[in-house]
Amino acid sequence: MEKHHKATRRDMIKKGALGAAAVAASTVLGTGVAQAAKNPVTYQLSGKTAFITGGARGIGLAIAEEMAKAGANIVLFDIASGQIPHVGYAVANEGDLQSAQATIEALNVKCLAIKGDVRSRGDLENAMKQAVASFGSLDIVVANAGVTQVGAMEEFSPEEISVVYDINVEGVVKTTQAAAPIMKQQKSGKMIFIASALGRMGNELFPIYASSKWAVIGIAKSAALSYGRDNILCNVVSPGLVKTKFADNPYVLSKMMPNDPAPTFDKVSEMLRPGNPIDVGHLEPEDVAKAAMIFATDATARVTGEVFDVSYGSLARSIA
Ligand SMILES: NC(=O)c1ccc[n+]([C@@H]2O[C@H](COP(=O)([O-])OP(=O)(O)OC[C@H]3O[C@@H](n4cnc5c(N)ncnc54)[C@H](O)[C@@H]3O)[C@@H](O)[C@H]2O)c1
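Since the structure is predicted, the reported quantities are computational estimates derived from the model, not experimental observations.

1. Describing the overall build of the protein chain
Consideration 1: Counting its secondary structure elements, the protein chain contains 10 helices and seven strands.
Consideration 2: Looking at the protein chain as a whole, 47% of its 320 residues qualify as buried.
Consideration 3: Here the analysis covers contacts within the protein chain between residues at least 6 apart in sequence; of these, 72% occur between residues at least 24 apart.
Consideration 4: Total accessible area on the protein chain is roughly 15700 Å²; 57% of this is exposed by carbon and sulfur atoms.

Rendered as structure tokens:
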């Protein structure tokens, strides 16, 4: 019996090795290449619906544009309130949301612009229902809406701490909760979470924000485990500094350059540039949008629970 087992195991190992050799040989000989050419990666999203929180401007709008260019119908979900109590800079307003909708429609796809708050599960559920009623499905959800605080750990009031965790953490959980039942019923879906390079390290100037972005990665990985069997893929894009109104505003800039009477985004970028392996100090929103597209297409059809660092190599020093 024991002898029989050993023989079987040896046979299997032999078969496995032969199989691997056959695959390697076919690839070297070109069969693998020919196979790949038959199924090229497609960036086509025609007939798909992409729902983007915080889509009225910045990274969210850039992702919406990239997906619209690939043919997806778009839902822009944004608070569009101008101000949020206890946030130190202006968020998008109604005008931004309207002009974002016009930008997307000019790309010859359909676009719904919905005012809502990611802190409300009801707002998200209603908006996603509207998306399905209008466009027939909910294929891609981008959990992108977020806010920041800047300063030393002990500076923040309870309200300032709460607003970041309520939007960046609870808002992302609620976005996931609203999307999951629809995607489960479809037996397909892609959730893309926008974290941050600061979700991969500590930071003494952004302690609340950084910890909220660590949480986003935890939510995304947990969602990947929860929904994999339903064919719902959940992945994260973690950008470095991006030129949007989130960072390019007097509140954030004055905290980042406290000794400069006239801080600018470009000065911050120049300050960061020498520390990066490639010669850039910041990203444009389009850079992040192109990375997010990878998770929207079949280039990543078997990928879930992963984090894609899009941060000009700044993490090459710290993440295995
Ligand atoms: N800009 C950066 O340097 C940078 C870097 C890494 C990660 N990020 C992340 O990227 C995401 C987008 O940031 P951005 O730079 O485009 O910022 P942004 O401020 O330009 O855009 C964020 C959008 O989210 C909306 N929003 C905020 N709170 C909301 C809420 N409660 N409900 C619905 N919508 C809400 C805002 O109105 C705004 O349109 C955020 O999660 C941010 O943390 C930004």
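Still more ground to cover, so stick around.
2. A word on helix α10 (residues 285-296)
An α-helical segment advances 3.6 residues per turn. Residues three or four places apart therefore align on the same side.
Consideration 1: Between its first and last C-alpha atoms α10 spans 17 Å; for 12 residues at 1.5 Å apiece the expected length is 16 Å, and the two agree.
Consideration 2: Those residues of α10 that fall on the buried side of the exposure criterion are Pro-285, Val-288, Ala-289, Ala-291, Ala-292, Met-293, Phe-295 and Ala-296.

3. A short note on helix α5 (residues 121-135)
Consideration 1: With 15 residues, α5 extends 21 Å between its outermost C-alpha atoms, agreeing within 8% with the 21 Å of an ideal straight helix rising 1.5 Å per residue.
Consideration 2: Inspection of α5 places Leu-124, Ala-127, Met-128, Ala-131 and Phe-135 among the buried residues, and these make up the whole buried set. Around the axis of α5, the buried residues are gathered within 100 degrees of arc, so they sit on the same side. For α5, the exposed residues set more than 90 degrees away from the buried face come down to Lys-129 and Ala-133.
Consideration 3: Along its buried surface, α5 packs onto β1 (49-53), β2 (73-78), β3 (111-115), β4 (140-143) and α6 (158-186).
Consideration 4: Note on α5: the residue one or two positions beyond its end, Gly-136, has a positive phi of about 95 degrees.

4. What to know about the nonpolar core
Consideration 1: Among the nonpolar cores identified, the biggest contains 99 residues, and Phe-51, Met-67, Ile-74, Ile-192 and Phe-193 are the most heavily contacted of them.
Consideration 2: Residue contacts for Ile-74: discarding those within four places in its chain leaves Ala-50, Ile-52, Ala-64, Met-67, Ala-68, Ile-104, Val-109, Lys-110, Cys-111, Leu-112 and Phe-135.

5. Regarding the sheet that holds strand β6 (residues 232-239)
Consideration 1: The strand order across the open sheet built from seven strands is β3-β2-β1-β4-β5-β6-β7, with neighbouring strands paired in parallel fashion. Lying at the two open borders of the sheet, with one neighbouring strand each, are β3 and β7 (307-310). Between one strand and the next, the sheet's axes are offset by a mean angle of 15 degrees, whatever the strand orientation.
Consideration 2: Taken together, the four bridges between β4 and strand β5 (residues 189-194) define a ladder with parallel strand orientation. Across the sheet, residue Val-141 finds its bridge partner in β5, namely Met-191.
Consideration 3: Helix α7 (residues 207-227) contacts β5, β6 and β7 of the sheet and is inclined by roughly 160 degrees relative to β6.

6. Brief notes about the packing of aromatic side chains
Consideration 1: With the rule as written, the count across this model stands at six aromatic pairs.
Consideration 2: Counting every residue linked through ring pairs, the aromatic cluster contains Tyr-89, Phe-206, Tyr-209, Phe-246 and Tyr-251.

7. Re the side chain of Asn-144
Consideration 1: Relative to the elements of secondary structure, Asn-144 occurs in the loop between β4 and α6.
Consideration 2: Judged by relative accessible area, which is 10%, Asn-144 ranks as buried.
Consideration 3: At 3.1 Å, the side chain of Asn-144 forms a polar contact with the backbone oxygen of Gly-54.
Consideration 4: The residues contacting Asn-144, other than those within four sequence positions of it, are Thr-53, Gly-54, Ile-59, Gly-60 and Ile-194.

8. Some points on unusual backbone geometry
Glycine aside, a negative phi is what most residues show, and trans is what most peptide bonds show.
Consideration 1: For His-86, which is not a glycine, the phi torsion comes out positive at approximately 75 degrees.
Consideration 2: Structurally, the position occupied by His-86 is in the loop between β2 and α4 (94-105).
Consideration 3: If you check the backbone angles, Asn-108 has positive phi at about 65 degrees while not being a glycine.
Consideration 4: Following the sequence through the fold, Asn-108 ends up in the loop between α4 and β3.

9. Considering the side chain of Thr-53
Consideration 1: With respect to the helices and strands, Thr-53 occurs in strand β1.
Consideration 2: Owing to a relative accessible area of 1%, Thr-53 belongs among the buried residues under this scheme.
Consideration 3: If sequence neighbours within four positions are ignored, Thr-53 has contacts with Phe-77, Val-118, Leu-124, Val-142, Ala-143, Asn-144, Ala-145 and Thr-175.

10. Some remarks on the packing of α6 against α7
Consideration 1: At their nearest, the axes of α6 and α7 sit 9 Å apart, and the two run at 15 degrees to each other. Taken together, the axes of α6 and α7 lie roughly parallel to each other. Of the two elements, α6 crosses α7, and the hand of that crossing is right-handed. For the pair α6 and α7, the contacting residues are Ile-161, Val-164, Tyr-165, Asn-168, Val-169, Val-172, Val-173, Thr-176, Ala-180 and Lys-184 in the first and Ile-208, Tyr-209, Ser-211, Ser-212, Lys-213, Ala-215, Val-216, Ile-219, Ala-223 and Tyr-227 in the second.

11. Things to note about the site of the ligand
Consideration 1: Taken together, the neighbourhood of the ligand is formed by 29 residues, with Ile-59, Asp-78, Asn-144, Tyr-209 and Thr-244 sitting nearest.
Consideration 2: Contact distances for the ligand include 2.8 Å between an oxygen atom and a backbone N or O atom of Ile-59.
Consideration 3: A distance of 3.2 Å is found between a nitrogen atom of the ligand and a backbone nitrogen or oxygen belonging to Ile-79.
Consideration 4: Contact with the protein chains covers 99% of the free accessible surface of the ligand, which is 830 Å².
Consideration 5: Residue assignment for the shell around the ligand shows that the elements contributing at least two residues are α3 (58-69) and α7.
Consideration 6: In terms of residue class, the shell around the ligand is built from 16 nonpolar, eight polar and five charged.

Rules used throughout
Residues numbered from 1 in each chain as written. Predicted model: local features only at pLDDT ≥ 70, side-chain atom pairs only at ≥ 80, totals over all residues. Heavy atoms only, no water. Helix = DSSP H or I, 4+ residues; strand = E, 2+ residues; numbered from the N terminus. Buried < 20%, exposed > 50% of the residue type's maximum accessible area, 1.4 Å probe, protein only. Contact = heavy atoms within 4.5 Å. Areas by Shrake-Rupley, 256 points an atom, 1.4 Å probe, with all protein chains shown as cover. Expected span 1.5 Å × (residues − 1). Arc of directions from axis to C-beta. Core = buried A, V, L, I, M, F, W, Y, C linked by side-chain atoms within 4.5 Å. Pairing = 2+ DSSP bridges. Axes fitted to C-alpha atoms, helices over the stretch in contact; angles between N-to-C directions. Phe/Tyr/Trp six-rings, centres within 6.5 Å; stacked < 30°, edge-to-face > 60°. Polar contact = N/O pair within 3.5 Å; in protein donor to acceptor, adjacent residues only side chain to side chain. Parallel < 35°, antiparallel > 145°, perpendicular 65-115°, else oblique. Left-handed = near helix turned anticlockwise from the far one by under 90°. Near = heavy atom within 4 Å. Nonpolar A, V, L, I, M, F, W, Y, C, P; charged D, E, K, R; others polar.

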